[in-house]
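Coordinate analysis (summary)
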Amino acid sequence: MGKCKCGSKPRIVSSMVQLMNQGGGSGNGGNSVQNVCANPICGQPKLLSLFAPLIYDEIGINLCTTFDIGTDIATTYPTVTNATIKVIGATYEYGADGVLIEAITGQPNCYVVTLSGITVQFAMNLYDAACRLVDTLYPTAVYLPPDITAETYDEDTNPTSVELAIFAPYGLSYDTTGAAPAPIINDIGFGSENNMVRQGLNLYHMAKLLDFSTDDSTATVGLTLVLQSLYYAGYQVTSQGRIDVPKGSIITPDNSDCMRFVAGDLLDLAIKPLDLSEPPCPNHDGKGNSAGSSNCPNCVGGSFGNTASGNCGVNGAADNTVVIPGIPDTPPDQEVTTETDNTTTG
């Protein structure tokens, strides 16, 4: 980091800004790197800096139980013959009959997690003999029931609890809403409130429908639970370039500005993410191209400099505009492809 005195207030400058400002940018005879503060570099970095969730350890178990779906299938859905199932999410309480998280004595980087009393909600799709979707049900079942008298309890396939030991070198996540912080596990599911990962311990799940009885309205479902320790960290990875997003066409024979925009390319932010490594073309790019030359990518000119109006000194990419090509004489046929989910017979 660089530091300069600006009046009575110190200004701390990032390493990238400090490096880019040395020599005044690409306008200084092509002998220095481009000033990103005045003109961001465009193009694709060779290395891409990511702040990514990294898995440090994980352990999984398989459970299985049979439970009542909660709907009389034969009466309510007489045409149903097949079904599929997936997990929406899981809920649990913390404590003696629920989830416990404990540090292992003498092993400061590892924890024992006791899982018990996990209520899993499923999305069950019902199909007829022609594999047409009839309806979707949302049954629940308790896995690892703390009471041996529970309907879903089985000593071998669905016991009262399991203990999982896991390596979590950067610690746990905490619930800070109470009087004192309490360690927690984040459930990763498909609901609006749980479809994300968080630093610390995460629990995710997958299900398989092993048996589906329309007469008894029961389902036998195998469940995989995976406990993982996960933390965010910055990493550099090799970049293969930006994603080329496919564009659908809704062209009509109209030459208005709006229709030419609709017929044109998708908008794209072209400013290059900082790769925090040696910037491109500091004196040359390894191919004999000096900084500021037409062969050294920057935001001036070329495909990155197409703008429709002034942009306050920031070229191309920061303006987020593109030049829209004219509408072809003969609009191409609109082709729409759809993907359907693969289903299996329970």
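Criteria and cut-off values
Residues numbered from 1 in each chain as written. Predicted model: local features only at pLDDT ≥ 70, side-chain atom pairs only at ≥ 80, totals over all residues. Heavy atoms only, no water. Helix = DSSP H or I, 4+ residues; strand = E, 2+ residues; numbered from the N terminus. Buried < 20%, exposed > 50% of the residue type's maximum accessible area, 1.4 Å probe, protein only. Contact = heavy atoms within 4.5 Å. Core = buried A, V, L, I, M, F, W, Y, C linked by side-chain atoms within 4.5 Å. Phe/Tyr/Trp six-rings, centres within 6.5 Å; stacked < 30°, edge-to-face > 60°. Lys NZ or Arg CZ within 6 Å of the ring centre and 35° of its normal. Pairing = 2+ DSSP bridges. Axes fitted to C-alpha atoms, helices over the stretch in contact; angles between N-to-C directions. Salt bridge = Lys/Arg side-chain N within 4 Å of Asp/Glu carboxyl O.

Some details on the side chain of H205
Following the sequence through the fold, H205 ends up in strand β14 (residues 200-213). Judged by its relative accessible area of 7%, H205 falls in the buried class. Not counting chain neighbours up to four residues away, the residues in contact with H205 comprise V87, G89, A90, D187, I188, G189, L223, T224 and L225.

Thoughts on unusual backbone geometry
Unlike most non-glycine residues, L144 shows phi in positive territory, near 55°. Position of L144 among the secondary structure elements: in the loop between β9 (140-143) and β10 (162-167). On the basis of relative accessible area, L144 is assigned to the buried category, the value being 0%. Phi is positive for S217, close to 55°, though the residue is something other than glycine. Tracing the backbone through its elements, the reader meets S217 in the loop between β14 and β15 (218-238).

A few points about the nonpolar core
Formed by 42 residues in total, the largest nonpolar core has its most connected members in L115 and I185. Contributions of two or more residues to this core are made by β3 (47-68), β4 (80-91), β6 (107-115), β7 (118-128), β9, β10, β14 and β15. Broken down by element, the residue count for this core peaks at 6 residues, all from β15. Excluding anything up to four places from it in sequence, L115 contacts G98, V99, L144, T160, S161, V162, L164, I185, L203 and L225.

Re the packing of aromatic side chains
Tallied over the entire structure, the rule returns 7 aromatic pairs. Both rings, one in Y56 and one in Y170, keep their centres 5.5 Å apart while their planes meet at 80°; by these two values the pair is edge-to-face. With Y56 in strand β3 and Y170 in the loop between β10 and β11 (173-175), the pair connects residues that are 114 residues apart, well separated along the chain. By relative accessible area, which is 30% here, Y56 ends up partly exposed. Aromatic pair F67 and F122: ring centres 5.6 Å apart, planes at 5°, arrangement stacked. Of the two residues, F67 is situated in strand β3 and F122 in strand β7; the sequence distance between them amounts to 55 residues. Against the face of F190 rests K86, its NZ or CZ located 4.5 Å from the ring centre.

Description of the sheet that holds strand β5 (residues 100-104)
Pairing is antiparallel in the open sheet, where 3 strands are placed in the order β5-β6-β10. The strands lining the two open edges of the sheet, one partner per strand, are β5 and β10. Across this sheet, the average inter-strand angle for adjacent strands is 25°, counted without regard to direction. Bridge count for β5 against β6 is 5 bridges, and the pairing is antiparallel. Directly across from L100, in β6, lies its bridge partner T114.

Here's the deal with the pattern of salt bridges
Considering all chains together, one arrives at 1 salt bridge under this definition. Among the salt bridges present, the one from R132 reaches D128, with a minimum N-O distance of 2.9 Å. Classification of R132 as exposed rests on a relative accessible area of 54%. When its relative accessible area of 9% is taken as the criterion, D128 is described as buried.

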